[in-house]
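Examining the three-dimensional arrangement
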Amino acid sequence: MATRVPPPKRVKLSGPNVPKPAPPPTQAPSVVVQFRSSVDGSALGPAINLPADTARDGMEMLVNKLKGGEDDDPTPFAFSLLIPNPDPNAQSTDPIKIPVPNSLQSDVLAPTPASLALLKTSIGLGNDFALPTFTSEDIFTVLCEPQAVWRVRPVSRCSSTLTGHSSPILSGAISPSGNLAVTGAGDATARIWDLTTELPKCTLVGHRGWVLCVAWDPLERFIATGGHDGLVRIWDVKTGKPVGDAMSGHSKWIMSLAWEPSHLASTTAPRLASSSKDGTVRVWSLATRRTQYTLGGHTACVNVVRWGGDGLLYTASSDRSVRVWNSADGKLVRILSDHAHWVTTMALSSDHILRTGPYGHEGKRPKDDEEAKAVALSRYQAHVATMPETIITGSDDHTLFLWPAQHASAAAATPKKPLARLTGHQKPVSHVAFSPDGRFIASAGLDNSVKVWDGKTGRFAASLRGHVGAVYRLAWSSDSRMIISASKDTTLKIWDLKTHKIKIDLPGHTDEVYFVDWVADKVISGGRDKSVKIWKH
């Protein structure tokens, strides 16, 4: 006898368990937009009728078309809306610029309470400020400010191979101005190199173990080094001599160092944060050369510490958590714990601005520390006006998490959940970095690949394949158009972000390349072959 198929179940049309149909999506209104140049205020073309939810990328495409730019390499723009000053008692009658980082709909017409609070903070308005009411007949005047109109020429040759270290080079960094570089090696020394003359400047001797990490003061006065001996040492850049004795307190080796941003730090007593294998983070004052406070919430090795531009400290640990601290008093603000394995790498969207401080691509040097502090503050404020300070973390669980902008107050409405979970790597993530403009994220993995993601949404953009060994480190060009990666396969590769292909292959090292850094038009690399290579165009 054949088996009969049971009749299908009847669909319930009513009842408490019947899901209600989703409401139809509301259509964004159309608005009339007049794009104007931020340089002279001239109109870039006729007024255009477009949907209010047109994203920034769409507006960039329109402006490039109006300006007749190149389709293969369009100029990125930052947009701001001009509105009349609502304060009748204001001394200036100039209109107010409202940043439009996303779209007119989400930033101006229907902003969320969180984005409205961020807007008031970024343009310095009081809590009683309210956006004006717009009608369908209003013309929105949008200023267009070109971003990264300058270009960095890709390096194409090794101009110098510098020797001196007797053990593999484990860490290195170029100074904020791009004139000097420092490397730390397994021979218990660090060395300063002059990138202009391409000669060694001085040797920093004092550690009793491997120099695992190095960090430049944003004003380029000091260098901090952390070693396998658990000591943190400060060095004078001009003389190469140690500034006082070593700062001791950690019971195990130093994993990461972070200077207080120059626009927040005291010009006479800057502070430094160090993370250690002992599970603690210490904040040191250079005035007293003592620990100001210790952050002891982690239960395993603290792999990375970052000092944010709004006064927050971020720590990533092998206890699978990321913690946010208030740098003023050392109190815990928030715990972010979504990773399933060790959190080994972390980056802020403002890393490039905080690292370079007052040194921009124009090559100008500040006259004194006060001017440097003011310039660094203006650069940081201009950056976060279009791109809030977000965090990206990478883990040995093969994933990355993009976290929303954090706030110093524990009571602030900051979600603990990540904005996105970035999957795609087949092995642990070794390094992650935001592009200088914050629009993209690049991650390096032990699966021989470099992956590119959207900096705001975390959406996958491209996978860059060409290395035949694990990729250890990567760095962005300062115009956000290229990435350079260092690999176990002994090569460096420069990737074009437009084509997502190799632009230039840089062989030369004879063994694994452990670090690479790129500032201005100079690249420096080092690794297991004990040599430092300087690359230029």
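Keep in mind the model is a prediction, meaning the values are calculated, not measured.

1. Quick notes on the overall build of the chain
Within the chain, the regular secondary structure consists of five helices and 36 strands. A buried classification covers 51% of the 537 residues belonging to the chain. For the chain, the accessible area works out to roughly 24,900 Å², and carbon and sulfur atoms hold 52% of it.

2. So, unusual backbone geometry
With a phi angle near 70°, alanine 188 is a residue other than glycine that sits in the positive phi range. Among the secondary structure elements, alanine 188 is positioned in the loop between strand E8 (180–185) and strand E9 (189–194).

3. Some remarks on the confidence of the model for the chain
For the chain, the average pLDDT comes to 86, and 89% of its residues sit at 70 or higher. Per-element averaging of pLDDT across the chain places helix H3 (residues 113–123) at the bottom with 62 and strand E26 (residues 429–434) at the top with 96.

4. Notes on the sheet that holds strand E25 (residues 420–422)
The strands making up a sheet associate through backbone hydrogen bonding, with each pair oriented either parallel or antiparallel. In spatial order, the strands read E22-E23-E24-E25; together these four strands make up an open sheet with antiparallel pairing. Looking at the sheet topology across the chains shown, the edges are occupied by strand E22 (343–348) and E25. Pairs of neighbouring strands in the sheet enclose a mean axial angle of 20°, with direction left out of account. Pairing analysis gives four bridges linking strand E23 (residues 391–395) to strand E24 (residues 400–403), with the strands arranged antiparallel.

5. A few points about the packing of aromatic side chains
Counted by the stated rule, this structure contains six aromatic pairs. When the ring of phenylalanine 222 is compared with that of tryptophan 259, the centres are 6.4 Å apart and the planes differ by 15°; the resulting orientation is stacked. Here phenylalanine 222, found in strand E12 (residues 222–227), pairs with tryptophan 259, found in strand E14 (residues 254–259); they are 37 residues apart in sequence, far enough to count as distant. Residue tryptophan 259 is classed as buried on the basis of its relative accessible area of 7%. Measuring from centroid to centroid gives 5.5 Å for tryptophan 453 and phenylalanine 460, while their planes differ by 75°, and the two rings are edge-to-face. Counting every residue linked through ring pairs, the aromatic cluster contains Phe35, Phe77 and Phe79.

6. Thoughts on the sheet that holds E12
Taken in spatial order, the three strands of this open sheet run E11-E12-E13, and their pairing is antiparallel. Looking along the sheet, the strands with just one partner apiece sit at the ends: strand E11 (211–216) and strand E13 (232–236). This sheet shows a mean twist of 25° between the axes of neighbouring strands, independent of strand direction. Strand direction decides the pairing type here: E12 and E13, joined by five bridges, are antiparallel. Its bridge partner being in E13, threonine 225 is matched across the sheet by arginine 233.

7. Looking at the environment of valine 471
Along the chain, the position of valine 471 falls in strand E30 (residues 471–476). Owing to a relative accessible area of 0%, valine 471 belongs among the buried residues under this scheme. The spacing of valine 471 and glutamate 512 is 41 residues in sequence and 9.7 Å in space, taken between C-alpha atoms.

8. Comments concerning the UniProt feature "repeat: WD" (unreviewed entry) in the chain
Under the feature "repeat: WD" (unreviewed entry), the UniProt entry names residues 162–197, 204–245, 247–294, 295–335, 422–463, 464–505 and 506–537. Annotated as 0% helix and 53% strand, the span residues 162–197 places its first and last C-alpha atoms 12 Å apart. For residues 506–537, the helix share is 0%, the strand share is 59%, and the end-to-end C-alpha distance is 12 Å.

9. Let's talk about the pattern of salt bridges
For the structure on display, the rule yields 14 salt bridges. Aspartate 57 is the salt-bridge partner of arginine 439, the closest N and O atoms lying 3.5 Å from each other. Of the two residues, arginine 439 is situated in the loop between E26 and strand E27 (440–445) and aspartate 57 in helix H1 (residues 56–67); the sequence distance between them amounts to 382 residues. When its relative accessible area of 48% is taken as the criterion, aspartate 57 is described as partly exposed. Residue aspartate 505 pairs with lysine 493 through a salt bridge whose shortest N-O separation is 3.0 Å. You can see aspartate 505 sitting in strand E33 (residues 501–506) and its partner lysine 493 sitting in strand E32 (residues 492–496), a full 12 residues away along the chain. Judged by relative accessible area, aspartate 505 falls into the partly exposed class, the value being 40%.

10. Notes on the environment of aspartate 217
Locating aspartate 217 in the fold gives a position in the loop between E11 and E12. With 138 residues separating them along the chain, aspartate 217 and arginine 355 place their C-alpha atoms 8.3 Å apart. Among all residues touching aspartate 217, those that are not within four sequence positions of it are Pro176, Phe222 and Trp259. A polar contact of 3.0 Å, which involves the side chain of aspartate 217, links it to the side chain of arginine 221.

So, how was this worked out
- Residues numbered from 1 in each chain as written.
- Predicted model: local features only at pLDDT ≥ 70, side-chain atom pairs only at ≥ 80, totals over all residues.
- Heavy atoms only, no water.
- Helix = DSSP H or I, 4+ residues; strand = E, 2+ residues; numbered from the N terminus.
- Buried < 20%, exposed > 50% of the residue type's maximum accessible area, 1.4 Å probe, protein only.
- Areas by Shrake-Rupley, 256 points an atom, 1.4 Å probe, with all protein chains shown as cover.
- pLDDT = per-residue confidence, 0-100.
- Pairing = 2+ DSSP bridges.
- Axes fitted to C-alpha atoms, helices over the stretch in contact; angles between N-to-C directions.
- Phe/Tyr/Trp six-rings, centres within 6.5 Å; stacked < 30°, edge-to-face > 60°.
- UniProt positions renumbered as here; feature names shortened; annotations may be inferred.
- Salt bridge = Lys/Arg side-chain N within 4 Å of Asp/Glu carboxyl O.
- Contact = heavy atoms within 4.5 Å.
- Polar contact = N/O pair within 3.5 Å; in protein donor to acceptor, adjacent residues only side chain to side chain.

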